[in-house]
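Descriptive structure summary
Here's the letter readout for the chains.
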Amino acid sequence: VVEEGTIHGQGVSKEYGYLRTEKKYKDFHLFLRFKCEADGNSGVYLHTRFKPGTVDVSDGYQVEIDPSDRAWSGGIYDESRRGWLNDLKNNEPARKAFKQGEWNSGRIECRGESIKTWINGVPALDYTEAEANIAQDGRIAIQIHSGGMALVQVKDVRIEELPPTPGPT
């Protein structure tokens, strides 16, 4: 539900919920503010492909929004392929940056094979994709976790496309 410019998402079934772009993005900055009011995790999908004719994710990266005690907000999960690529268990400053029940700012940068994230201005992730067969473009989606545990609000979403990354010379 969108009310007064804020997306209110709650997992109310056994299915994940997504609000996705129609357009595919490659190199971009994504800015958003988010607030979690329950313990269930959610996320922002990047370079995501959906199964044809469905709202089901085929594969893509998920930047975690994680209000649990593990505090992996800003970490990256590879949906339907390899699982966790960077879970932030070794990044204490980023884990402490997230504030449960408060508005948090998130920033994501995708440029070529590089994905970087920040939580409330604190660097969380600096990941470079080494697999040549992994898509470097796709849709962006806000994900709400299933099962009624997630209660997430998102606002002030802004996507800025970046010039194409130069290829090898």
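1. Considering the nonpolar core
Within the largest apolar cluster, 31 residues are counted, with the highest numbers of intra-cluster contacts made by Val44, Leu46, Ile108 and Ile115. With five residues, the single largest contributor to this core is strand 4 (residues 28-36).

2. Considering the packing of aromatic side chains
What the rule picks out here adds up to five aromatic pairs. Ring geometry for Tyr61 and Tyr127: centres 6.5 Å apart, planes at 65°, overall edge-to-face. Linking Tyr61 in strand 6 (residues 57-65) with Tyr127 in strand 11 (residues 122-128), this pair joins segments that are 66 residues apart in sequence. Note on accessibility: Tyr61 and Tyr127 belong to one class, buried. Summarising the aromatic geometry, the rings of Trp72 and Trp84 are spaced 4.9 Å apart at their centres and angled 80° between planes, so their arrangement reads as edge-to-face. Placement of Trp72 in the loop between strand 6 and strand 7 (76-79) and of Trp84 in strand 8 (residues 83-86) is noted, with a sequence separation of 12 residues between them. Under the relative-accessibility criterion, Trp72 is labelled buried at 14%. Ring pairs connect the aromatic residues Trp72, Tyr77 and Trp84, which therefore count as one cluster. The ring centre of Phe50 lies 4.4 Å from the NZ or CZ of Arg20, which sits over that ring. Sitting over the ring of Trp103, Lys155 keeps its end group 4.2 Å from the ring centre.

3. Digging into the pattern of salt bridges
Applying the stated criterion across every chain, the model contains 15 salt bridges. Put simply, Arg158 and Glu160 hold a salt bridge, and the shortest N to O gap is 3.1 Å. The network of salt bridges with common partners includes Arg49, Asp59, Asp78, Arg81, Arg82 and Glu129.

Rules behind the numbers
- Residues numbered from 1 in each chain as written.
- Predicted model: local features only at pLDDT ≥ 70, side-chain atom pairs only at ≥ 80, totals over all residues.
- Heavy atoms only, no water.
- Core = buried A, V, L, I, M, F, W, Y, C linked by side-chain atoms within 4.5 Å.
- Buried < 20%, exposed > 50% of the residue type's maximum accessible area, 1.4 Å probe, protein only.
- Helix = DSSP H or I, 4+ residues; strand = E, 2+ residues; numbered from the N terminus.
- Phe/Tyr/Trp six-rings, centres within 6.5 Å; stacked < 30°, edge-to-face > 60°.
- Lys NZ or Arg CZ within 6 Å of the ring centre and 35° of its normal.
- Salt bridge = Lys/Arg side-chain N within 4 Å of Asp/Glu carboxyl O.

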